[in-house]
Structures are given as C-alpha cells and as structure tokens.
Amino acid sequence: MRLRDAVVDLRQTGDFRSLQEAIPYARFMGISGELVDGDVIGRMRYSDHLVGNANVPALHGGTLGALMESTAIFKLLWHGETTAIPKTINITVEYLRGAKPQDVLARAEFTRRGRRVANVRVFAYQDDPDSPVAVATAHFLLVQD
Amino acid sequence: MSDPFLPQKDEIRRRLEGRYVGAVPHNQALGLRVVDYRPEHLSLALPYRLDLVGNPETEVLHGGCITSLIDATCGGAVIMSLAAPRRIATLDLRIDYVRPALPHQEVICGAHCYKVTRHVAFVRAKAHHGDKANPIAAASGTFVIFPDEGRRTEDAVSK
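Keep in mind the model is a prediction, meaning the values are calculated, not measured.

1. A few points about the confidence of the model for chain B
All names here are of chain B. Chain-level statistics for chain B give a pLDDT mean of 87 and a share of 85% at 70 or above. Summarising per-element confidence for chain B, the mean pLDDT is lowest in helix 4 (residues 149-158) (51) and highest in strand 7 (residues 120-128) (98). Scored below 50 in pLDDT, residues 154-159 makes zero contacts in the model with residues more than four places away or belonging to other chains. For this predicted complex, the interface score ipTM comes out at 0.95, while the overall pTM is 0.91.

This is the structure:
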C-alpha cells in the first residue's frame, strides 16, 4: 500500500498496521502505533538489535529518538487533514534514565498545532508512564497536499 | 592540565571499530562504519539501505536512523576525548534538519567534542552527504561521563 493510501486507511479504521507496513524503517525498528482510549500511543517492540550498551544492558539512545519522532508523526497524521507526511524541523531528546531491553511506549502532546508548524512534546516510558525514560520536544512543518 | 593522554592512532581505530561500533548491536544493525578520526573528532557513515527508508515515495532515509547515527558519532567523539575508556550516556541531543536528505546516498556524520569537564562532555555535529559545507542536519549534544570504576572501588575501600 502506498504511504498516502495507508494514511487514508488509518483515518478510516484507526488501525496503524498499514501505515507501519508502508514505512520500511518502522518495520525494521518494530515501531507501530495504537489507539488507547482515543489517544495515539507509539510502541517499539523489543529486539536485540535495538541495544546500545550490551553490558548494562540498555537500548540505544537513537532508537528512543526514532520512536518519539515516529509517535509525534503518527499523532499528527491521525489528527491531520492532509495525507502529506509532516517534515521534522528539529527534535531535542532528553535522556532521563537507561531504557531496559523491553518494549518502549510513547505518548505525544501537541503544545501548539498551527496551520504550518506543530510543536509536540513526546514522553517515552516502559513500566510507568509517570516515570519516562526520555522526553522529546519537536517541531514539524505541516506540508499541504 | 586539560590535555589528556592520547592513545596511538591504531589503538584508537581498534577501540572505536571493535568496542564502540562492533560491540554496539544497534550501530552494527545500521552498518555504521568509521570514516575518519582524530583527537576529539569522529566521523561515522550510515550506508543507504532501502529498509531504513522513512518515506517510500521519496526513498529518503527516516530521521530516526539519522538520530541514531548522530548519537553514535557524538558519543564516539566523547570517547575520542577521554584519557581512558569510561562509560558515558547521552544527556540530551538536539538535531536541526536544515535541508532534506537525498535518496540512495550514504549519510556521513562528523562530530567534534569541543569541551570535556570532569563529569560532562559537550559535542557539536553535522550530517551531510559528503560535502561538509552543505549539511542536512546540525546537532549539539551533552554527555554524562561516569566515574572511573577503578577509582570508585578505591574510594569505597578507603571509606
């Protein structure tokens, strides 16, 4: 399925599977989205190749950034009106604690969603949503179709 | 004295490729390789691969793998700046995407650790397709340097 068709499918069904299928990197990383109580939750399924430090062991910091950027985009696509993929202007990731070798979840909040630019905060967590492993602030350019 | 002991170049390459790129599962999964290295500087390359594409219509790599490349290169530049191997962790990393990446081209990240204190290291980096003057992303990061394990054990014994 083409990416734009997958976005249309997502808005009709609330199912992120075709979107994940359409994004090669999301498949490689095991990153997908789901709707939980009407809100978009990103999930990165644990896989051995996501590890950054095998001695601790802890997930690679870049993978947490990837999950949070993806979750923000998933939420923008779910709430958006166009099928164009938002462009990342910048992302700042703060690493709060080591991420254990298990699934990571992420929740995004729109600080401001304007016509051209969206300001998004993302929280990545494992066992406890109130104890995030990383938080991100990102800006996206909302491209018109 | 701010000038740390600098190991031999072969030793640096061995340490970076073996311990840092090779022994880090995700860096290996991305196929990162050492392009260039000198004290306080490191360049790593992320080869272009179709399974790392973020948008199949443009065939451009996903920002996530560029984040991992930049994080890995910045961390490596910190290691290049330390007198002895230490465990480090990313405190924060900011990435500005200044222009779109091109499809079917590897991404090279050059990082410079411009300041190291006892506990913190400061890094700047740029990602590009081979022309440093025309970057696709500019980044700055800070890293925590954990205490030397040996020294901590001595402290514990002395107490």
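2. Concerning the packing of aromatic side chains
All names here are of chain A. Using the criterion set out here, one finds three aromatic pairs over all chains in the structure. Considering the side-chain rings of Tyr-25 and Phe-28, the 6.3 Å spacing of their centres and the 35 degrees angle between planes classify their relative orientation as tilted. Linking Tyr-25 with Phe-28, this pair stays in helix 3 (residues 24-29), spanning three residues, or about one helical turn. Residues Tyr-25 and Phe-28 agree in their burial class; the two are buried.

3. Considering the interface of chain A and chain B
By convention, interface size is frequently given as the accessible area that disappears when the constituent parts associate. Listed as interface residues are 33 residues of chain A and, on the opposing side, 32 residues of chain B. Of all residues in chain A, the largest losses of buried area upon contact with chain B belong to A:Tyr25, A:His60 and A:Tyr95, amounting jointly to 23% of the total for that side. Counting across the chain A and chain B interface gives one salt bridge. Between B:Glu57 and A:Arg4 there is a salt bridge, and its shortest N-O distance comes to 3.1 Å.

4. A look at the environment of B:Ala121
Residues and elements named next belong to chain B. On the secondary structure map, Ala-121 appears in strand 7. Ala-121 sits in the buried class, given a relative accessible area of 0%. A C-alpha to C-alpha distance of 9.5 Å links Ala-121 and Thr-90, two positions 31 residues apart in sequence. If near-sequence neighbours (up to four positions away) are discounted, Ala-121 is found in contact with Val-78, Cys-113, Lys-115, Val-116, Gly-141, Thr-142, Phe-143 and Ile-145.

5. Some words on the side chain of A:Gln126
Residues and elements named next belong to chain A. Turning to its location among the elements, Gln-126 is positioned in the loop between strand 7 (117-125) and strand 8 (134-141). Here Lys-100 takes part through its backbone nitrogen, which lies 2.8 Å from a polar atom of the side chain of Gln-126. In this structure the side chain of Gln-126 is engaged in a polar contact, spanning 3.4 Å, whose partner is the backbone oxygen of Gln-102.

6. Digging into the sheet that holds strand 7 of chain A
Across the sheet, twelve strands lie side by side as 1(A)-2(A)-6(A)-7(A)-8(A)-5(A)-5(B)-8(B)-7(B)-6(B)-2(B)-1(B); this open sheet has antiparallel pairing. In this open sheet, the two edge strands, each paired with only one partner strand, are strand 1 (31-36) of chain A together with strand 1 (33-38) of chain B. Within the sheet, the average angular offset between the axes of one strand and its neighbour, ignoring direction, is 20 degrees. When strand 5 (residues 88-97) of chain B meets strand 8 (residues 137-145) of chain B, the two strands line up antiparallel, connected through nine bridges. Paired with B:Tyr97 across the two strands is B:Ala137, which belongs to strand 8 of chain B. Against the sheet, helix 4 (residues 61-79) of chain A contacts strand 1, strand 2 (39-44), strand 5 (87-95), strand 6 (104-113), strand 7 and strand 8 of chain A together with strand 5 of chain B, and its axis sits at roughly 50 degrees relative to strand 6 of chain A.

7. Structural notes on the pattern of salt bridges
Residues and elements named next belong to chain A. For the coordinates displayed, the defined rule picks out twelve salt bridges over all chains. Ionic pairing is found between Asp-103 and Arg-43, a salt bridge with its closest N-O pair at 2.9 Å. One end of the pair, Asp-103, is in the loop between strand 5 and strand 6; the other, Arg-43, is in strand 2, and 60 residues separate them in sequence. Among the ionic pairs, Arg-45 bridges to Asp-103, the shortest N-O distance being 3.3 Å. Of this pair, Arg-45 sits in the loop between strand 2 and strand 3 (51-53) while Asp-103 sits in the loop between strand 5 and strand 6, and the two are 58 residues apart along the sequence. Residue classification places Asp-103 among the partly exposed positions, given a relative accessible area of 23%. Taken together, the shared-partner salt bridges in this structure form one network comprising Glu-34, Arg-43, Arg-45 and Asp-103.

Rules used in this analysis
Residues numbered from 1 in each chain as written. Chains lettered and ligands numbered in written order. Predicted model: local features only at pLDDT ≥ 70, side-chain atom pairs only at ≥ 80, totals over all residues. Heavy atoms only, no water. pLDDT = per-residue confidence, 0-100. Helix = DSSP H or I, 4+ residues; strand = E, 2+ residues; numbered from the N terminus. Contact = heavy atoms within 4.5 Å. Phe/Tyr/Trp six-rings, centres within 6.5 Å; stacked < 30°, edge-to-face > 60°. Buried < 20%, exposed > 50% of the residue type's maximum accessible area, 1.4 Å probe, protein only. Buried area = accessible area lost by both parts, 1.4 Å probe. Salt bridge = Lys/Arg side-chain N within 4 Å of Asp/Glu carboxyl O. Polar contact = N/O pair within 3.5 Å; in protein donor to acceptor, adjacent residues only side chain to side chain. Pairing = 2+ DSSP bridges. Axes fitted to C-alpha atoms, helices over the stretch in contact; angles between N-to-C directions.

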